[in-house]
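What the coordinates show
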Amino acid sequence: MKNLIYLFLLVLLYACGTQSTGEEIDPEKRQYVEQQNPVEVIVLKEEAFKKELVNNGKLVALRKSELHFRVSEQLKQVYVRNGEMVEQGQLIAELEPYSYQQDVKNAEIQLEKAKLDFQDYLMGQGYNTLDSTQIETEIYELGKIKSGYADALLSLNNAHQNMESTRLLAPFSGLVANINLKEYDQVSSGESFCTLIDNSIFEVDFNIVESEMAEINLDDEVQLQPFAGEGQYLGHITEINPVIDEDGLISIKAQVENTGNLMQGMNVKVLVEKDIPGQLVVPKSAVLLRQNQEVLFRYTNGTAYWTYIQTLAENSTSYAVIAHPDKGATLAAGDTVIISGNLNLAHESDVVIE
C-alpha cells in the first residue's frame, strides 16, 4: 500500500514539474520586439510655407434672373423642365395667344380707319400725300393727333408687344429652376414663372478679420472646397469692401469658374494661401503635445531625440516650426525629423526607418 502511495506521489510531482504556466518567450525575440520602433522621416529644408486663411462662404450666380410674363392668360405650354440648360433666346413657355391675336387684328383695323381720316385731313390742308418730308411738320403732327392716327399706331404697337409677351424667352444661357406652374394654369402678369441661373461663373462672399487685411489683395488666387462633395476650384478675389464692420470684419468677394458641379447657394470653404519664405516645414503628424509643450523627434543614427519646438504658422496639412528658444533646443535645415510612428516614443528611443 505504501509503495502505491509513493508511486502516486512521484507521478504527481513529475506532472507538476512538466506543466507550463504560459508560453515561454525567447529572450532574443522579446529583445527584438522591444527594439522595433518603425518610423518614417523627412529631411528638413528651408522652403516657402503656404499660410492659409480659411473662411466659409456661399455661392451666388453672377447672373440670375426671375423670369415672368408681362401679360395674363392661361398657360398653353411649358417647353423646359427644372434643371434643364437653355440657350439665349430659347422659348421657355408660352400663354394662350388667341385673345392677343384678336387685339392685334382689331388694332390693325383701327389703324386703317385712322389712316383714312388722316388722309382726309391732309387733303383738306392741300396735301395729297402721307410723305412727311413733303408736308409741314406742324400740319403733319397735328393731323396725326386729330385723325386718331397717332393713337392707332400706339395701340397697334402695344398689341404687338402684348402678343410677343405671351412667349417667354431666355434672356441669356443658363439653367432653369423653380418652375411651379403647369399647363392650363392661369398666369398673372408679373408673377414669377421661373428662375434662370447662369451657372458658368459664381461669386462667393466671405469675411476676414481686420488683422488679416494686409495679407489680402485684389486678384489673389483662392481655392474653394464644397462642403458637400469633393473637388477643388480655383478663383480670384474681385472685390475688397473698404469698410470694417462693428465686428471687426471685412467683406471680400471672389469669382470662380464652374468647371465641375457647383450650384447656386452651395456652401463652400474658401482658402487663401500666402507664401512665407525661408521656413522649416513639417507635416502636422510630426508635432506632438507632451507635458503641455509642443515637441517633435529628431532622428540620428537610429535614435529618436526629444526636441522642444514652437509652431509659427499652420495650414491644413503642415506647420512652420522653430526650436523653442527657452528650452535650449536646436533645429536646423538638414536635420532628420520623424513624421510617423512617434506617438509612443521617448527620449533616446531606438527606432528603425521604414
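Our structure's up above, just so we're on the same page.
The structure displayed is predicted, hence computed values, not measured ones.

The next subject is the overall build of the protein chain. The secondary structure content of the protein chain amounts to five helices and 20 strands. Against the compact-globule benchmark of 20 Å for 354 residues, the protein chain has a radius of gyration of 42 Å, which places it well outside the compact range. Taken along the three principal axes of its C-alpha coordinates, the protein chain extends 160 × 70 × 35 Å. In the protein chain, which comprises 354 residues, the proportion classed as buried is 35%. Counting contacts in the protein chain only where the partners sit at least 6 residues apart, residues at least 24 apart contribute 72% of the total. Accessible area for the protein chain stands at about 21,900 Å²; split by element, carbon and sulfur atoms hold 49% of it. Side-chain charges in the protein chain split into 26 positive and 53 negative, and the spacing between the mean points of these groups amounts to 5 Å.

The four strands lie next to each other as β6-β5-β3-β8, forming an open sheet whose pairing is antiparallel. With partners counted over all chains shown, the strands left at the sheet margins are β6 (167-169) and β8 (186-187), one partner each. By the bridge criterion, three bridges tie strand β3 (residues 73-78) to strand β5 (residues 91-95) in an arrangement that is antiparallel. Bridging from a neighbouring strand, Val-78 pairs with Ala-93 of β5.

A word on the packing of helix α3 (residues 98-124) against helix α4 (residues 137-146). Geometry of a packed helix pair, given as the angle between the helix axes and the separation of the axes. Packing of α3 against α4 brings their axes to within 9 Å, and their N-to-C directions diverge by 140°. Compared by their axis directions, α3 and α4 come out oblique. In this structure, α3 meets α4 at a crossing whose hand is right-handed. Across from Phe-118, Tyr-121 and Leu-122 in α3, the residues of α4 making contact are Ile-139, Tyr-140, Leu-142, Gly-143, Lys-144 and Lys-146.

Roughly 160 Å³ of internal volume is contained in the largest pocket. Gly-83, Leu-175, Val-176, Ala-177, Ile-197, Asn-199, Phe-202, Leu-262, Met-263 and Gln-264 are the residues that line the largest pocket. Those elements giving two or more residues to the lining of the largest pocket turn out to be β7 (174-177) and β9 (192-209). Looking at side-chain class alone, the lining of the largest pocket contains seven nonpolar, three polar and no charged residues.

Here strand β1 (residues 38-43) pairs with strand β20 (residues 352-353) via two bridges, running parallel. Each bridged residue has a counterpart across the sheet, and for Pro-38 the counterpart in β20 is Val-352.

With that out of the way, let us pick up the packing of aromatic side chains. Tallied over the full model, the rule gives five aromatic pairs. Ring geometry for Phe-118 versus Tyr-149: centroids 5.1 Å apart, planes at 25°, classification stacked. Taken as a pair, Phe-118 in helix α3 and Tyr-149 in helix α5 (residues 149-164) lie far apart in primary sequence, 31 residues in all. Like Tyr-149, Phe-118 is buried. Arranged with centres 6.1 Å apart and planes meeting at 75°, the rings of Phe-297 and Trp-306 form a pair that is edge-to-face. For Phe-297, a relative accessible area of 0% translates into the label buried. Taken together, the aromatic side chains of Phe-118, Tyr-140 and Tyr-149 make up a single cluster linked through ring pairs. A cation over a ring is seen here: Lys-284 above Tyr-319, with NZ or CZ 5.5 Å from the ring centre. Between Lys-327 and the ring centre of Tyr-308, over which it is positioned, the NZ or CZ distance is 5.2 Å.

Leu-59 and Leu-224 are the most contacted members of the largest nonpolar core, which totals 23 residues. Those elements that provide at least two residues to this core are β2 (46-68), β9, β10 (221-226), β11 (233-240), β12 (249-257) and β13 (267-283). The biggest single contributor to this core is β9, with five residues. Setting aside residues up to four positions removed in sequence, Leu-59 forms contacts with Phe-202, Glu-203, Val-204, Leu-224, Val-256, Leu-262, Met-263, Gln-264, Gly-265, Met-266 and Val-268. Membership of the second largest hydrophobic core comes to 21 residues, among which are Val-78, Val-80, Ile-92 and Leu-196.

Criteria and cut-off values
- Residue positions within a chain follow its written sequence, with the count starting from 1.
- With pLDDT at 70 or above as the cut-off, local features in this predicted model cover only qualifying residues; side-chain atom pairs require 80 or more to be listed or tallied, and sums for whole chains, interfaces and linings still use all residues.
- Computation of side-chain values covers all heavy atoms of the structure but excludes hydrogens and water.
- Secondary structure elements are taken from DSSP: a helix is a run of H or I of four residues or more, a strand is a run of E of two residues or more, and numbering for both begins at the N terminus.
- Throughout, the radius of gyration refers to the C-alpha atoms, and the reference size of a globule is 2.2 Å times the residue count to the power 0.38.
- Using a 1.4 Å probe on the protein chains alone, a residue whose accessible area is under 20% of its type maximum counts as buried, one over 50% counts as exposed, and one in between counts as partly exposed.
- Working rule for contacts: check all heavy atoms of both residues, and any pair within 4.5 Å makes them a contact.
- Here the accessible surface of atoms and residues is derived via Shrake-Rupley with a 1.4 Å probe, and residues count as covered only by protein chains that are part of the display.
- Positive: Lys, Arg. Negative: Asp, Glu. His and the chain ends are not part of the count.
- By convention, charge coordinates are those of NZ in Lys, CZ in Arg, CG in Asp, or CD in Glu.
- Pairing between two strands is assigned when DSSP locates at least 2 bridges connecting them.
- Axes here mean lines fitted to C-alpha atoms, for a helix over just the part in contact, with angles spanning 0 to 180 degrees between N-to-C directions.
- Here roughly perpendicular refers to angles of 65 to 115 degrees, roughly parallel to angles under 35, roughly antiparallel to angles over 145, and oblique to all remaining angles.
- By definition, any crossing whose near helix is turned counterclockwise from its far helix by less than a right angle is left-handed, and any crossing with a clockwise turn is right-handed.
- Lining residues are defined by having an atom within 4 Å of a point belonging to a cavity or pocket. Those points lie on a 1 Å grid over the protein atoms alone, cavities being sets where a 1.4 Å probe fits but cannot get out and pockets being open sets with protein on both sides within 12 Å along at least five of seven lines.
- Grid points are joined across faces, edges and corners, and a volume is the space filled by probe spheres set on the points.
- Lys, Arg, Asp and Glu make up the charged group, whereas Ala, Val, Leu, Ile, Met, Phe, Trp, Tyr, Cys and Pro make up the nonpolar group; the residues left over, Gly among them, are polar.
- Note on aromatic pairs: the rings of Phe, Tyr and Trp (six-membered ring only in Trp) are paired at centre separations within 6.5 Å, and the planes decide the class, stacked below 30 degrees, edge-to-face beyond 60, tilted for the rest.
- Criterion for a charge above a ring: Lys NZ or Arg CZ within 6 Å of the ring centre, and within 35 degrees of the ring normal.
- Side-chain atoms within 4.5 Å are what join buried Ala, Val, Leu, Ile, Met, Phe, Trp, Tyr and Cys residues into a set we call a nonpolar core.

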